[in-house]
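An overview of the molecular structure
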Amino acid sequence: MFTQWLKVYSVPFAISIVGAGLYATPAHAGVCELADGSRDTGWSIVFDDAQVSNCVFTGNAGDGRNKGTLDLTLTFVDGNPIPIQFVQEAAAAADSFGLRITWNLTLNNQFELLRGIRGRAFDDNPVLDDKENEFVADIHPGFAHFHQDGTFNAGPFVGAADCDCESDRDFRVRGPEPGAFAAGTSGTVSGLGVHQIEEQGQQRNFTINVEPLSAQVDQQVPPGQPPKQP
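All of the points below concern the structure found in this document.

Reading guide: rules and limits
- Here the residue numbers are simple positions, counted from 1 along each chain's written sequence.
- Local features are withheld for residues below a pLDDT of 70 in this predicted model, meaning they are given only at 70 or higher, and side-chain atom pairs are given and counted only at 80 or more; totals for whole chains, interfaces and linings count all residues.
- To obtain the side-chain values, all non-hydrogen atoms of the structure were included, while hydrogens and water were left out.
- Residues enter a patch when their relative accessible area is above 30% and they make no salt bridge; the linking distance is 9 Å between like charges and 5 Å between nonpolar side chains (Val, Leu, Ile, Met, Phe, Trp, Tyr).
- Only the protein chains shown count as cover for residues, and the accessible areas themselves come from Shrake-Rupley with a 1.4 Å probe.
- Counted as salt bridges are all cases of a side-chain nitrogen of Lys or Arg within 4 Å of a carboxyl oxygen of Asp or Glu.
- Charged residues are defined here as Lys and Arg on the positive side and Asp and Glu on the negative side; His and the ends of the chain fall outside this count.
- Charged groups are reduced to one reference atom each: NZ for lysine, CZ for arginine, CG for aspartic acid, CD for glutamic acid.
- Helix and strand assignments come from DSSP, with helices taken as H or I runs of at least 4 residues and strands as E runs of at least 2, each series counted from the N terminus.
- Whether a residue is buried, partly exposed or exposed follows from its accessible area with a 1.4 Å probe, protein chains only, as a fraction of its type maximum: under 20%, in between, or over 50%, in that order.
- Any cysteine sulfur atom paired with another within 2.5 Å is treated as part of a disulfide.
- Each pair of strands is called paired provided DSSP finds at least two bridges between the two strands.
- The convention used is that axes are lines fitted to C-alpha atoms, helices contributing only their stretch in contact, and that angles between N-to-C directions extend from 0 to 180 degrees.

Among the surface-exposed residues, Asp 129, Asp 130, Glu 132 and Asp 138 lie close enough to one another that they form a single negatively charged patch. One can find Asp 129 in the loop between β7 (114–122) and β8 (145–153). A relative accessible area of 34% places Asp 129 in the partly exposed class.

Turning our eyes to something else, we now look at the state of the cysteines. A complete count under the given rule lists 2 disulfides for this structure. Disulfide pairing places Cys 32 opposite Cys 55 at an S-S distance of 2.1 Å. Where Cys 32 bonds to Cys 55 through sulfur, the torsion about that S-S bond is close to -80 degrees, and the disulfide is left-handed. One end of the pair, Cys 32, is in strand β1 (residues 29–35); the other, Cys 55, is in strand β3 (residues 52–59), with 23 residues separating them in the sequence. The class for Cys 55 is partly exposed, based on a relative accessible area of 22%. The partner cysteine of Cys 163 in its disulfide is Cys 165, sulfur to sulfur 1.9 Å. By sequence-ordered numbering of the bonded cysteines, the protein chain has its disulfides arranged as 1-2, 3-4.

Leaving glycine out, the prevailing phi sign among residues is negative, and the prevailing peptide bond configuration is trans. Between Glu 177 and Pro 178 the backbone carries a cis peptide bond, its omega angle lying at 0 degrees. Looking at the secondary structure, you find Pro 178 in the loop between β9 (170–174) and β10 (185–198). For Asn 54, which is not glycine, the phi dihedral falls at a positive 55 degrees. Tracing the chain through its elements places Asn 54 in strand β3. Positive phi outside glycine occurs at Ser 167, with the angle close to 65 degrees. Position of Ser 167 among the secondary structure elements: in the loop between β8 and β9.

What follows covers the pattern of salt bridges. Taken as a whole and judged by the stated rule, the model has 4 salt bridges. A salt bridge links Asp 149 to Arg 100; its shortest N-O distance comes to 2.6 Å. Placement of Asp 149 in strand β8 and of Arg 100 in strand β6 (residues 96–109) is noted, with a sequence separation of 49 residues between them. A salt bridge links Arg 172 to Asp 170; its shortest N-O distance comes to 3.6 Å. Asp 170 sits in the buried class, given a relative accessible area of 16%. Each of the salt bridges in this network shares a partner with another, and the network as a whole consists of Arg 118, Asp 170 and Arg 172.

Attention shifts here to the sheet that holds β10. Spatially, the 5 strands line up as an open sheet ordered β3-β4-β6-β10-β8, and their pairing is mixed. At either end of the open sheet lies a strand with only one pairing partner, and these are β3 and β8. Shown here is a sheet whose adjacent strand axes are inclined to one another by a mean of 25 degrees, direction ignored. Both β8 and β10 contribute to a ladder of 5 bridges, which runs antiparallel. Opposite His 145, over in β10, you have His 195 as the bridge partner.

Here is the structure:
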């Protein structure tokens, strides 16, 4: 672990962990390189290994834009979001389509009845436009964002039709009230696309927070008021 840590952070401590202190280093830091024998993305993830486990990256061979699939297990023990830091190991040598992977999240619910999850990308880098980077487009904006891949499956959130995420900084996978993902059970949300375009000379680290959406949120409102939307 310590040797791997030094390897990942050979570039000025990964810019003080994803953008000058958006989040401190996890208390129990785990590191997982997004690379295997088929593909090396040039990126790693950093996380609290008390919350995140079973990191497996499966690369797509060849030069296709989607570089592979990242499987993770997230353990919810309360309502706090779980941060996963994406670290570009070196500044880009040239502009490129960048980090584009499919994300499968196995959720270990040790909290309470849940209706869904929300993910938010925190990207402190300059926003790229199509005048400076040829890969920027309406469907691929110049900041860390999400896509819905063809393998999308809402898993334990039965009735969630999509991830409400295309080309946005956040995603929501949310089933109908009152929620069906019980505490003490697990399930996998699959087919979430993660994308960050790379810019020459920049190290475009970012963080994704994944938080549980309680089934109780919509019910905890004063009488006569419209329900809250998580």
